[in-house]
Amino acid sequence: MEMSSVLHVLRDPAGIPAVPALFQLLMVLTWVFHIAFVTLALGTAALSIYAFYGHPGSEDWQRLSMAMTKVAKVSVSLLIVLGVAPLLFTQVIYDPQWYASNVLSARWAIGFIASLIVAYCLWFAFYWGNHEGAKRYIGLYAIVGLVLFLMDGLIMHVLSYQAILPQRWMDWYAPGGVIDMNGGALHAIEWPRYLFIISLSIPAVGVFLIAYSDYFSVREDKSKDYLQFARNLGRKIGFWGFLIATGLLIWWQFDHPADTHLVWQPFGWLMVMALLLMANILRDEKSSLSGYKLVAGGMGILTMVAIWREVVRVTYLKPFGYVVSDYKVNVDWPSTFLFFSTFIGVGGLVGGFYLTLLYQSGRVAGRYEAKGFVAKLGTGAVAIVALWIAVFLAYGTTIYIRNALI
Ligand code: HEM
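If you're wondering where the values come from, they're calculated on a predicted model, not measured in any experiment. (Residues numbered from 1 in each chain as written. Predicted model: local features only at pLDDT ≥ 70, side-chain atom pairs only at ≥ 80, totals over all residues. Heavy atoms only, no water.)

### A look at the overall build of the chain
Link 1 in the chain: When you go through the chain residue by residue, the secondary structure sums to 14 helices and 0 strands.
Link 2 in the chain: Starting at the N terminus, the α and β elements of the chain follow one another as α-α-α-α-α-α-α-α-α-α-α-α-α-α.
Link 3 in the chain: Here the C-alpha radius of gyration of the chain, 23 Å, is about what a compact globule of 406 residues would show, namely 22 Å.
Link 4 in the chain: Structurally, the chain occupies a C-alpha span of about 65 × 55 × 40 Å along its principal axes.
Link 5 in the chain: Residue burial in the chain is summarised as follows: out of 406 residues, 45% are buried.
Link 6 in the chain: In the chain, the share of contacts with a sequence separation of at least 24, taken over all contacts with a separation of at least 6, comes to 83%.
Link 7 in the chain: Looking at charge distribution, the chain has the averaged site of its 27 positive side-chain charges lying 8 Å from that of its 22 negative ones. (Helix = DSSP H or I, 4+ residues; strand = E, 2+ residues; numbered from the N terminus. Rg over C-alpha atoms; globule rule 2.2 N^0.38 Å. Buried < 20%, exposed > 50% of the residue type's maximum accessible area, 1.4 Å probe, protein only. Contact = heavy atoms within 4.5 Å. Lys, Arg positive; Asp, Glu negative; His and termini not counted. Charge placed at Lys NZ, Arg CZ, Asp CG, Glu CD.)

### Quick word on the site of the ligand
Link 1 in the chain: The ligand sits among 24 residues. The nearest are His34, His157, Arg193, Arg309 and Arg313.
Link 2 in the chain: One nitrogen or oxygen atom from the side chain of histidine 34 is found 2.9 Å from a nitrogen atom belonging to the ligand.
Link 3 in the chain: Spatially, the ligand is embedded in the second largest pocket.
Link 4 in the chain: Sorting the residues of the shell around the ligand by element identifies helix H2 (20–54), helix H3 (59–93), helix H5 (106–129), helix H6 (139–163), helix H8 (191–199) and helix H12 (291–317) as the ones contributing at least two each.
Link 5 in the chain: It is H3 that provides the largest number of residues to the shell around the ligand, a total of 7 residues.
Link 6 in the chain: For the shell around the ligand, a count of residues per class yields 14 nonpolar, 6 polar and 4 charged. (Near = heavy atom within 4 Å. Polar contact = N/O pair within 3.5 Å; in protein donor to acceptor, adjacent residues only side chain to side chain. 1 Å grid on protein atoms, 1.4 Å probe; cavity = no way out; pocket = protein on both sides within 12 Å on 5 of 7 lines; lining within 4 Å. Sits in = over half its atoms within 2 Å of the grid points. Nonpolar A, V, L, I, M, F, W, Y, C, P; charged D, E, K, R; others polar.)

### Observations regarding a nonpolar patch on the surface
Link 1 in the chain: On the surface, Ile202, Trp240, Leu243, Ile244 and Leu276 cluster together to form a nonpolar patch covering roughly 430 Å² of accessible area.
Link 2 in the chain: Judged by its relative accessible area of 32%, isoleucine 202 falls in the partly exposed class. (Patch = residues over 30% accessible without salt bridge, like charges linked within 9 Å, V, L, I, M, F, W, Y side chains within 5 Å. Areas by Shrake-Rupley, 256 points an atom, 1.4 Å probe, with all protein chains shown as cover. Salt bridge = Lys/Arg side-chain N within 4 Å of Asp/Glu carboxyl O.)

### So, the domain arrangement of the chain
Link 1 in the chain: Per the domain assignment, the segments making up the chain are domain 1 (3–329) and domain 2 (332–406).
Link 2 in the chain: At the interface, 12 residues of domain 1 touch 12 residues of domain 2.
Link 3 in the chain: Of the roughly 900 Å² buried between domain 1 and domain 2 on both sides combined, carbon and sulfur atoms contribute 63%.
Link 4 in the chain: It is Pro17, Tyr215 and Arg219 in domain 1 that bury the most area against domain 2; as a group they hold 50% of the surface buried on that side.
Link 5 in the chain: Counting the contacts that link domain 1 with domain 2 gives 0 salt bridges.
Link 6 in the chain: Among the residues making up the side of domain 1 that touches domain 2, the classes are represented as 9 nonpolar, no polar and 3 charged. (Domains from an automatic or database assignment. Buried area = accessible area lost by both parts, 1.4 Å probe.)

### Quick notes on the packing of helix H9 (residues 201–216) against H12
Link 1 in the chain: In the contact formed by H9 and H12, the axes pass within 8 Å of each other and the chain directions differ by 150 degrees. Relative to H12, H9 is oriented roughly antiparallel. Considering the relative orientation of H9 and H12, their crossing is left-handed. Here H9 contributes Val207, Ile210, Ala211, Asp214 and Tyr215 to the contact with H12, which in turn contributes Gly291, Tyr292, Leu294 and Val295.
Link 2 in the chain: Partitioning the contact of H9 with H12 into residue classes produces 7 nonpolar, 1 polar and 1 charged. (Axes fitted to C-alpha atoms, helices over the stretch in contact; angles between N-to-C directions. Parallel < 35°, antiparallel > 145°, perpendicular 65-115°, else oblique. Left-handed = near helix turned anticlockwise from the far one by under 90°.)

### Quick look at the nonpolar core
Link 1 in the chain: Trp123, Phe149, Phe196 and Leu275 are the most contacted members of the largest nonpolar core, which totals 86 residues.
Link 2 in the chain: Counting residues per element, this core draws most heavily on H2, which supplies 14 residues.
Link 3 in the chain: When residues no more than four places from it in sequence are discounted, the contact partners of phenylalanine 196 are Trp191, Ala245, Leu248, Leu249, Trp252, Leu275 and Val305. (Core = buried A, V, L, I, M, F, W, Y, C linked by side-chain atoms within 4.5 Å.)

### Here we look at the environment of valine 329
Link 1 in the chain: Within the secondary structure layout, valine 329 lies in the loop between H12 and helix H13 (333–362).
Link 2 in the chain: The class of valine 329 is partly exposed, set by a relative accessible area of 36%.
Link 3 in the chain: Sequence separation of valine 329 and alanine 14 is 315 residues, and the distance between their C-alpha atoms is 8.3 Å.
Link 4 in the chain: Those residues in contact with valine 329 that sit more than four places away from it in its chain are Ile16, Ala18, Val19 and Pro20.

### What about the packing of H2 against H9?
Link 1 in the chain: It is at 8 Å that the axes of H2 and H9 come closest, and there the two elements cross at 80 degrees. As judged from the angle between their axes, H2 and H9 are roughly perpendicular. Residues Thr39, Leu40, Leu42, Gly43, Thr44 and Leu47 of H2 lie in contact with H9, whose contacting residues are Ser201, Ala204, Val205, Phe208 and Leu209.
Link 2 in the chain: Tallied by class, residues from the contact of H2 with H9 come to 7 nonpolar, 4 polar and no charged.

### Concerning the environment of alanine 142
Link 1 in the chain: Mapped onto the fold, alanine 142 is located in helix H6.
Link 2 in the chain: For alanine 142, a relative accessible area of 0% gives the class buried.
Link 3 in the chain: Along the backbone, alanine 142 and asparagine 130 are 12 residues apart, and their C-alpha atoms lie at a distance of 10.0 Å.
Link 4 in the chain: With near-sequence residues (within four places) excluded, alanine 142 lies in contact with Ile49, Trp123 and Phe126.

### Let's talk about the layout of surface pockets
Link 1 in the chain: Its volume calculated, the second largest pocket comes out at about 890 Å³.
Link 2 in the chain: What lines the second largest pocket is a set of 39 residues, and nearest its centre among them are Trp31, His34, Phe112, Asp152 and Met156.
Link 3 in the chain: At 9 residues, the largest contribution of residues to the lining of the second largest pocket is made by H3.
Link 4 in the chain: For the lining of the second largest pocket, a count of residues per class yields 26 nonpolar, 8 polar and 5 charged. (Points joined across faces, edges and corners; volume = space filled by probe spheres on them.)

Okay, here's the thing in C-alpha cells:
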C-alpha cells in the first residue's frame, strides 16, 4: 500500500467534531504557551545553576539563584499543563503521524514521563536546599535535573520530527525487511531545529529578568541595586541570546531538503529579521526598556515559530497528499459548545482570576487582601467552576440515560 493511503487509513474513522482548520489554529496557538514556559523553565534553570556556582560570596548572585530556582519550579509545572492542549489537538488532526512516531520510539515516549518525574523531583530537591549557606553538592541535583529536562525536550523533538517523515517509517519499522518492534531508538534528530528552539531559552530568561526588575520596582522592600543588577544582566543575556538564536535559525533554514523550497519561504526570513530586531532593541545599554513590552515581543517571536513549525509540517506532508482540510467532519455541536464554553468560561475566568491575583499580590510586601474587582473575579471563578461541574454531570447523565433507553 502506498504511504499516502496508509496515512488516510490510519485516520480516525469517526472523523472530527468541527472543521479541521479550527483544530489546526488552536494547536498552533496553544503550543505558543507551552514553548513559552519550556524556554523560561530551561533558561531560568540554567541561570540558577550558573548563579549558584559561578559567583560564590556574591549576595546578588545568591539571591538571583534562589529566585530563578523558584521561577523554574513553577515554569515546569506550567509547561506540563500547557503541553496538554497542543498534544490533544495534534492527536486530533495529525493522529496517523503522531501515533506512528510514538510507537516507533515507544520506549522513549514512555521513558519521557518517568524521566520528567525524576527531573522534577531533583529540581525540588535543589529548590529545597538552595538557601543562604547552601551545601555545594545540592547543585548536582539541579544539573542532573536540567540534563533530563533537555533530554525530554529532545524526545519531544524526535516525536515531532519523525512524524513528518513517513517515507522513512518502514525503514525504521522493518530495517532490511526484518520487523523490529523494540521501540528503543530515536530514529531522526534534526539538530538545527532542536538547538534553535532550545536556544530561545537564552533570550527568554534575559527578557524575563528585565520584566522581573520592572515588576518589583514598586516594592519598597526590594533592593534597588539588586533590581538594577537583574535588569543589566537580563539585557546582556537577551542581546546575546537573540543573536545566538538567529545563527541557529539560519542553520535550520539551510537544513531543509532542497525539494521543499522552504529555504526561500519569506516567513522563515521574517523570523530572522524579528530576532535581529529584538537583539537590536537590547543592544543599547543606556536605553530604558519596558520589560512587559519585551515579553510581548518575545511572545510574538514564539508565535512566529509556532506558525513556522506548521508551515514545515504541511510542506513535508504535502507530497503524501495529506492535508488536514479533507479530514472527515462529523459535526457534534453539544461537545463543541461544551469545549468552547469551558475554554472561555472556565479557562478565561479562572485563569484570569489567578493571573490577576498573582500579579496584584506580588506587588505588595506582606499580606495581600483581594478587594473590588479581584474579589469579584474570585467569586465569578468559583461560580463558573460549580456551573461547569453541574453541566458536565448533567450532560453525561443525559447521554447515559438516553443510551440505556435505546
Ligand atoms: C521538560 C519537559 C519538556 C520540554 C523540554 C519540551 C520541549 C519541547 C520542544 C523543544 C518542542 C518542539 C519540538 C520540535 O518542534 O522539534 C516540544 C513540542 C511539543 N511538546 Fe513539549 N516539552 C516538554 C514537555 C512536554 C509535555 C509534558 C507535554 C504534554 C503534556 C508536551 C507537549 C508537546 C507538544 C504537543 C508538542 C508539539 C508536538 C507537535 O506539534 O508535533 N511537552 N516540546
